[in-house]
Structure formats: structure tokens, C-alpha cells
Amino acid sequence: MQQSDFQTLYETVFPFWKYLSPAQQQYLTENSIQTVFRKGRTIHDGNQCTGVIYIRSGSLRLYMLSEDGKEITLCRLFEGEVCILSASCALQSLTFDVFVDAEEDSECAVISGCAFAAVSEEVKEMKIYALESALSRFSDVMWIMQQILFMSFDRRLAIFLIDESAKLGSDTIKLTHEQIAKYMGSAREVVSRMLKYFASEGMVELSRGGVRLTDKKRLRKLAL
């Protein structure tokens, strides 16, 4: 992408862009790259300031790692969304490590974290945007923690299946039991047992590498 292409993109993506001076806008576009992160690649490992990532296509997964290496998925980001937690140097109050992986081949525009941090110190609207974006992700974290700590697993799984179906716009979810377990911070065996129970109750149908929702009304009732 040329600088003018980044300029056009950022004008539509970032509400703070109009508050930047021409020099600040140029500085950010000069410190931007377009890249493709291949499926399975770790983009951000928590110990770096990768930058602010805009997803042009594909999807990213944000997660935390426990001391014993267990992954807890915080959220997943899709086309048209922005990942701000990968720019830790722009969020000095961020006190835990977040990891970011590409779930599929993902074309992204990335603003250097250091450049973003420098300009945000000069423009309050930009800093407010960064803090509000981070806060919205912290809300996701709290929701995940609430589910893990206080909800029964059948309810958590029902919520996951309903949400995933809504995101995809399809009753068929092409995820393995292993992937679902990773997204939910659980064990594959636990997921498999509960899915088999759901299948015996007629709420889902299981196939190799996928789950089809057959009784969304009962799943929604269970998710309440």
C-alpha cells in the first residue's frame, strides 16, 4: 500500500484521525505496513510492542497463557476490527501479557506501536480512543472470567455455540472439539462429553470437524 492508501483507510477506520495534524498523519502512514500473517503464526507474544493492527481480511485470536501453559481465549477479531492490545507501549497501564495468533491467513495494516504511542501522547482524542478500545477488551476478559468461575460448563458451551453461530451466520460450526476447547479454556475430553450429551438430546449433530445446531431454541434456553 502507498501512503495515500493508508491515509484513505485510516480516515474511515479511526475516529481520532481528523484531530491529527498533516505532519502527524504523515508520520503514522510512514510507519505503517501492510502484511499477511499466515495461519497459526504468533503475531504478538506479550513481550513486544507489535503495533495497532487493522484486519482487512481473516481473523485473529487474543489469549492469555497460565503458568502451566493453558490457553484462555479472550476474544477473536475479524475483518474490519482493530487490535489495540498488541500495542502495549501505547497502553502503559496494561499489566498482563496478551498473545495474538492468526487463526487463518490474515491481511492486515499495522501501525508501529512506538509511532502510535508517540502521537497519542500529543493528541488526547487518540489516547482516549486507545484507552476506550482497551477497556472494551477488558470487558471481554471479565465476561470470560465470569463464565469460567461461575457458570456450569453446559451453559458455557451453549453460549459459545449460539455466539459462534451468530458470528458465522450459519448453524454449522466448522470447529474441532480441540479448537472449541482451546477457545473456551477447557479440556477436549470435557467438550467432547458435553457435545455428545447435547447430541443425545437432539440439540446438535456432530460430524468430523464440525457441529451443526439442530435445536437453537433449547440451546438458547440453556444459555440463559
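For the structure, see preceding data.
Residues numbered from 1 in each chain as written. Predicted model: local features only at pLDDT ≥ 70, side-chain atom pairs only at ≥ 80, totals over all residues. Heavy atoms only, no water.

Comments concerning the sheet that holds strand β5 (residues 71-78)
As summarised here, the arrangement of the four strands in space is β2-β7-β4-β5, forming an open sheet in which the pairing is antiparallel. Of all the strands in the sheet, the pair left with one neighbour each is β2 (42-44) and β5. Sheet twist, expressed as the mean angle between neighbouring strand axes with direction ignored, is 30°. (Pairing = 2+ DSSP bridges. Helix = DSSP H or I, 4+ residues; strand = E, 2+ residues; numbered from the N terminus. Axes fitted to C-alpha atoms, helices over the stretch in contact; angles between N-to-C directions.)

Considerations on the sheet that holds strand β3 (residues 52-57)
The strand order across the open sheet built from four strands is β1-β8-β3-β6, with neighbouring strands paired in antiparallel fashion. Across the chains shown, the open sheet's two edge strands, defined by having one partner strand only, are β1 (32-37) and β6 (82-83). Here β1 pairs with strand β8 (residues 106-111) via six bridges, running antiparallel. Bridge pairing in β8 links T35 to C108. Relative to β8, helix α1 (residues 3-13) is tilted by about 90°, and along the sheet it contacts β1, β3, β6 and β8. (Contact = heavy atoms within 4.5 Å.)

So, the state of the cysteines
A full pass over the atoms with the stated rule returns one disulfide. Covalently, C49 is tied to C89 through a disulfide, its sulfur atoms 1.9 Å apart. The sign of the -60° torsion about the S-S bond sets the C49-C89 disulfide as left-handed. Here C49 is found in the loop between β2 and β3, whereas its partner C89 is found in the loop between β6 and β7 (99-102), with 40 residues between them in sequence. Taking the relative accessible area as the measure of exposure, C89 reaches 28% and is therefore partly exposed. The closest cysteine sulfur to the non-disulfide-bonded C108 is located on C83, 9.0 Å from its own sulfur. (Disulfide = S-S within 2.5 Å. Buried < 20%, exposed > 50% of the residue type's maximum accessible area, 1.4 Å probe, protein only.)

Quick notes on the packing of helix α5 (residues 153-168) against helix α6 (residues 177-184)
Each packed pair of helices is defined by two parameters, the angle between the axes and the distance between the axes. Put simply, α5 and α6 touch, their axes get as near as 11 Å, and they point 105° apart. Overall, the two elements α5 and α6 adopt an arrangement that is roughly perpendicular. Residues F153, R156, L157 and F160 of α5 form the contact with α6, whose own contacting residues are I180, Y183 and M184. Along the lines of polarity and charge, the residues of the contact of α5 with α6 split into six nonpolar, no polar and one charged. (Parallel < 35°, antiparallel > 145°, perpendicular 65-115°, else oblique. Nonpolar A, V, L, I, M, F, W, Y, C, P; charged D, E, K, R; others polar.)

Looking at the packing of aromatic side chains
All told, the structure shown has 10 aromatic pairs when counted by the stated rule. Their ring planes at 20° and their centres at 5.6 Å tell us that Y63 and F99 sit as a pair that is stacked. On the criterion of sequence distance, the pair formed by Y63 in strand β4 (residues 59-65) and F99 in strand β7 is long-range, its members being 36 residues apart. Plain terms: the ring middles of F160 and Y183 are 6.4 Å apart, the flat faces sit at 35° to each other, and that makes the pair tilted. Pair noted here: F160 is in helix α5 and Y183 is in helix α6, with a separation of 23 residues, a long-range link. Each of the two residues, F160 as well as Y183, counts as buried. The residue whose ring lies beneath R61 is Y63, and the NZ or CZ to ring-centre distance is 4.2 Å. (Phe/Tyr/Trp six-rings, centres within 6.5 Å; stacked < 30°, edge-to-face > 60°. Lys NZ or Arg CZ within 6 Å of the ring centre and 35° of its normal.)

Some words on the side chain of T73
Tracing the sequence through the fold places T73 in strand β5. Among the polar contacts listed, one links the side chain of T73 to the backbone oxygen of K182, at a separation of 3.1 Å. Within the structure, T73 has its side chain in polar contact with the backbone oxygen of Y183 (distance 3.5 Å). Apart from residues lying up to four places away in sequence, T73 is in contact with R61, L62, Y63, I144, K182 and Y183. (Polar contact = N/O pair within 3.5 Å; in protein donor to acceptor, adjacent residues only side chain to side chain.)

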